[in-house]
Amino acid sequence: MTFSEKYGMMRNQARADGLKLGLFWVFSFALFIGNFHYAICGIFWMATMVFTPFMVGMFTRRYADTSLEGVISYRHAYAHGFLTVFYAALILAITQWAYFAYLDNGFVMNRYIGMLSDSEFQKSMEAMGYTKKTVEELVSALRELRPIDIALEMMWSNVIAGFIISLTTALYASTRRHYRPRQ
């Protein structure tokens, strides 16, 4: 199999796996929003965040087993994992943009601004060395965020997390049989 055939197959499988992971993240985002109403949603939201690297590892391992006869290099496993997370981040960013643009009406930001404006929280921030002016600047910066700003920020955070997640999941998914023994 040529490099271009492997790359095309990897991209296609990463898109399919990214769709599955993206839908999982959309569910996780719904749990995050539900956390503001029901505390139990916060526990499940954290569980979905913890489970994400395991899903990426399982997707990459399954891709290696089904498409590559169980043999995959670290770089190939890393590329598949990273592309999977990248495609999932795109799906989640579109969902977050739509939520913040059309459904949220400032609910989440008002909750965070309320938390930052709380006198107890401000005392704890001052104890950590932040001035009241710094907190006020943070509140004003939060008020100026547009839905697209929030979605893009979260997307890039997910891409960076995917970079780190893929470093470790590629270790799990790659096989030693792929490498030639030293002579």
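This text follows the structure it describes.
I will try to describe carefully the structure that is included in this document. Since we're looking at a predicted model, the values are computed, not measured.

So, the packing of helix H2 (residues 39-67) against helix H7 (residues 147-173)
Contact geometry of H2 with H7 gives a least axis separation of 9 Å together with a crossing angle of 45°. Here H7 runs oblique to H2, going by the angle between their axes. As H2 runs across H7, the sense of the crossing is right-handed. Across the interface between the two elements, Thr 52, Pro 53, Val 56, Gly 57, Met 58, Thr 60 and Arg 61 of H2 pack against Ile 165, Thr 169, Tyr 172 and Ala 173 of H7.

Examining the packing of aromatic side chains
Applying the stated criterion across every chain, the model contains 14 aromatic pairs. Arranged with centres 5.5 Å apart and planes meeting at 85°, the rings of Phe 29 and Tyr 99 form a pair that is edge-to-face. With Phe 29 in helix H1 (residues 3-34) and Tyr 99 in helix H3 (residues 74-103), this pair connects stretches of sequence that are 70 residues apart. Across the pair, Tyr 99 and Phe 29 agree in class, each one buried. Members of the aromatic cluster, connected to one another through ring pairs, are Phe 29, Phe 32, Phe 36, Trp 45, Tyr 99, Phe 100, Phe 107 and Tyr 112.

Let's talk about a nonpolar patch on the surface
A contiguous nonpolar surface patch, about 640 Å² in accessible area, is contributed by Trp 97, Tyr 102, Leu 103, Ile 148, Leu 152 and Trp 156. Those elements that place two or more of their residues in the nonpolar patch are H3 and H7. Topologically, Ile 148 is positioned in helix H7. Accessibility expressed as a relative area gives 33% for Ile 148, which makes it partly exposed.

What about unusual backbone geometry?
With phi around 55°, Glu 69 is a residue other than glycine that occupies positive phi space. Structurally, Glu 69 is set in the loop between H2 and H3. Overall, the relative accessible area of 72% leaves Glu 69 in the exposed class. Positive phi values are uncommon outside glycine, yet Asn 105 reaches one of about 55°.

Focus on helix H6 (residues 132-143)
Helical periodicity: at 3.6 residues per turn, an α-helix aligns residues three or four positions apart in one direction. Here H6 is 12 residues long and its end C-alpha atoms lie 17 Å apart, about the 16 Å a rise of 1.5 Å per residue gives. Within H6, the full set of buried residues consists of Val 135, Val 139 and Leu 142. Angularly, the buried residues of H6 cover 60° about the axis, an arc narrow enough to put them on a single face. Considering only its buried residues, H6 is in contact with helix H4 (107-117) and helix H5 (119-127).

Rules used throughout
Residues numbered from 1 in each chain as written. Predicted model: local features only at pLDDT ≥ 70, side-chain atom pairs only at ≥ 80, totals over all residues. Heavy atoms only, no water. Axes fitted to C-alpha atoms, helices over the stretch in contact; angles between N-to-C directions. Helix = DSSP H or I, 4+ residues; strand = E, 2+ residues; numbered from the N terminus. Parallel < 35°, antiparallel > 145°, perpendicular 65-115°, else oblique. Left-handed = near helix turned anticlockwise from the far one by under 90°. Contact = heavy atoms within 4.5 Å. Phe/Tyr/Trp six-rings, centres within 6.5 Å; stacked < 30°, edge-to-face > 60°. Buried < 20%, exposed > 50% of the residue type's maximum accessible area, 1.4 Å probe, protein only. Patch = residues over 30% accessible without salt bridge, like charges linked within 9 Å, V, L, I, M, F, W, Y side chains within 5 Å. Areas by Shrake-Rupley, 256 points an atom, 1.4 Å probe, with all protein chains shown as cover. Salt bridge = Lys/Arg side-chain N within 4 Å of Asp/Glu carboxyl O. Expected span 1.5 Å × (residues − 1). Arc of directions from axis to C-beta.

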